[in-house]
Amino acid sequence: MPINPAVLAPDIVEAAGSTDPLGIAGWTAISGVIATWLKTGVPTPTLGTPLVAAGAVVSGEGKIVYGDGGASLGPLLAAASASVDAAGIAAWAAVGLALGGWMNGNAIINPSTLIAVPGVNPAPLSGFGKVAFKGTGLGQALASAAGSTDDPGIERWAAIGDAVTAHMTENAVVNVGAMQAPGPGGPVTGLGTLA
């Protein structure tokens with residue numbers, strides 16, 4: 001199943017601890033913005049530990065690259081949350097940058113289901129990859145960006161971070177796009193897309 005705001009939203013609403021209709025509606029809108037933005041990541045096989053084909057087998061990690069680093073996300077989050085005051089808008093901008101920065105530092109490609117088509121040179125990749133993460137602590141980054149210093153606030157952001165990373169690892173699909181490798185084996189080039 002690809003990244004899906006309808007699946008992500010209930011997890012984020014629960015993580016945020018919202019039980020009133022306005023809070024649920026707000027976090028549902030925020031979830032939609034996050035899910036849409038998550039799909040803008042570009043699976044890039046040449047970065048990090050590059051993807052390499054050995055015959056049909058593809059190994060390595062590559063990276064998922066968010067070109068704007070979350071800069072476009074903050075204003076969208078502020079709008080979804082109905083924040084109109086300067087402090088609220090600034091906090092959501094910081095949250096967007098924190099999410100983008102953390103993803104750029106930690107999101108990688110799990111190539112276990114990718115195959116380099118044998119007998120062709122260059123060998124296009126087939127199948128699809130999954131998203132994995134090199135590190136933890138997304139929730140801490142979000143809490144810090146949002147200015148949460150109390151235990152309940154930090155715990156809520158930690159749960160929100162967990163909901164986002166769990167959704168990505170369970171649902172995100174790395175489409176191979178233009179990825180290919182030399183027929184005899186070697187570095188994978190070209191870019192993929194996220195769904």
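Scroll up to find the structure this text is about.
Quick notes on the rules
- Residues numbered from 1 in each chain as written.
- Predicted model: local features only at pLDDT ≥ 70, side-chain atom pairs only at ≥ 80, totals over all residues.
- Heavy atoms only, no water.
- Helix = DSSP H or I, 4+ residues; strand = E, 2+ residues; numbered from the N terminus.
- Rg over C-alpha atoms; globule rule 2.2 N^0.38 Å.
- Buried < 20%, exposed > 50% of the residue type's maximum accessible area, 1.4 Å probe, protein only.
- Contact = heavy atoms within 4.5 Å.
- Areas by Shrake-Rupley, 256 points an atom, 1.4 Å probe, with all protein chains shown as cover.
- Lys, Arg positive; Asp, Glu negative; His and termini not counted.
- Charge placed at Lys NZ, Arg CZ, Asp CG, Glu CD.
- Axes fitted to C-alpha atoms, helices over the stretch in contact; angles between N-to-C directions.
- Parallel < 35°, antiparallel > 145°, perpendicular 65-115°, else oblique.
- Left-handed = near helix turned anticlockwise from the far one by under 90°.
- Nonpolar A, V, L, I, M, F, W, Y, C, P; charged D, E, K, R; others polar.
- Polar contact = N/O pair within 3.5 Å; in protein donor to acceptor, adjacent residues only side chain to side chain.

Chemist: Quick one: what's the story with the overall build of the protein, residue by residue and with numbers?
Modeler: Secondary structure summary: the protein contains six helices and 11 strands in total. For 195 residues, the compact-globule formula gives about 16 Å, and the C-alpha radius of gyration of the protein, at 18 Å, lands near that figure. Taken along its principal axes, the extent of the C-alpha atoms in the protein is 60 × 25 × 25 Å. Every one of the 195 residues in the protein was classed for burial, and the buried ones make up 44%. In the protein, 66% of the contacts between residues at least 6 apart in sequence involve partners at least 24 apart. When the accessible surface of the protein is split by element, carbon and sulfur atoms take 63% of a total near 8,600 Å². Placing the 5 positive and 11 negative side-chain charges of the protein at their respective mean positions leaves the two points 13 Å apart.

Chemist: Outline the packing of helix α2 (residues 21-38) against helix α4 (residues 86-106), supporting the account with residue identities and numerical values.
Modeler: Taken N-terminus to C-terminus, the directions of α2 and α4 make an angle of 40 degrees; their axes are 12 Å apart at the nearest point. Looking at the two axes, α2 sits oblique to α4. Crossing handedness for the pair α2 and α4: right-handed. Packed against α2, whose contacting residues are W27, I30, I34, W37 and L38, the element α4 presents W92, L99, G100 and M103 at the interface.

Chemist: Can you tell me about the packing of helix α5 (residues 138-146) against helix α6 (residues 151-171), naming the residues and giving the values?
Modeler: At their nearest, the axes of α5 and α6 sit 7 Å apart, and the two run at 130 degrees to each other. In terms of their interaxial angle, α5 and α6 are classed as oblique. Crossing handedness for the pair α5 and α6: right-handed. Only I154, W157, A158, I160, G161, V164 and T165 of α6 make contact with α5, whose side of the interface consists of L138, G139, L142, A143 and A146. In terms of residue class, the contact of α5 with α6 is made up of nine nonpolar, three polar and no charged.

Chemist: Describe the environment of V42, with residues and values.
Modeler: Counting through the fold element by element, V42 comes out in strand β1 (residues 42-44). Take V42: its relative accessible area is 28%, and that puts it in the partly exposed class. Setting aside residues up to four positions removed in sequence, V42 forms contacts with K63, I64, V65, L191 and G192.

Chemist: Hey, could you go over the environment of E14 for me, with residue numbers and the actual values?
Modeler: Inspection of the secondary structure assignment puts E14 in helix α1 (residues 5-16). With relative accessibility at 65%, the residue E14 sits in the exposed group. In this structure the C-alpha to C-alpha distance between E14 and A163, which are 149 residues apart in sequence, comes to 9.3 Å.

Chemist: An account of the side chain of S18 is requested, with residue identities and associated values reported.
Modeler: Positionally, S18 belongs in the loop between α1 and α2. On the basis of relative accessibility, which here comes to 15%, the residue S18 falls in the buried class. A polar contact is formed between the side chain of S18 and the side chain of W27, at a distance of 3.5 Å. With residues up to four places along the chain from it excluded, the contact list for S18 reads V13, G23, I24 and W27.

Chemist: With reference to specific residues and values, describe the side chain of S31.
Modeler: For S31, the location among the structural elements is in helix α2. Residue classification places S31 among the buried residues on the basis of a relative accessible area of 0%. In this structure S31 touches P5, L8, A9 and I12, once residues within four positions along its chain are discounted.

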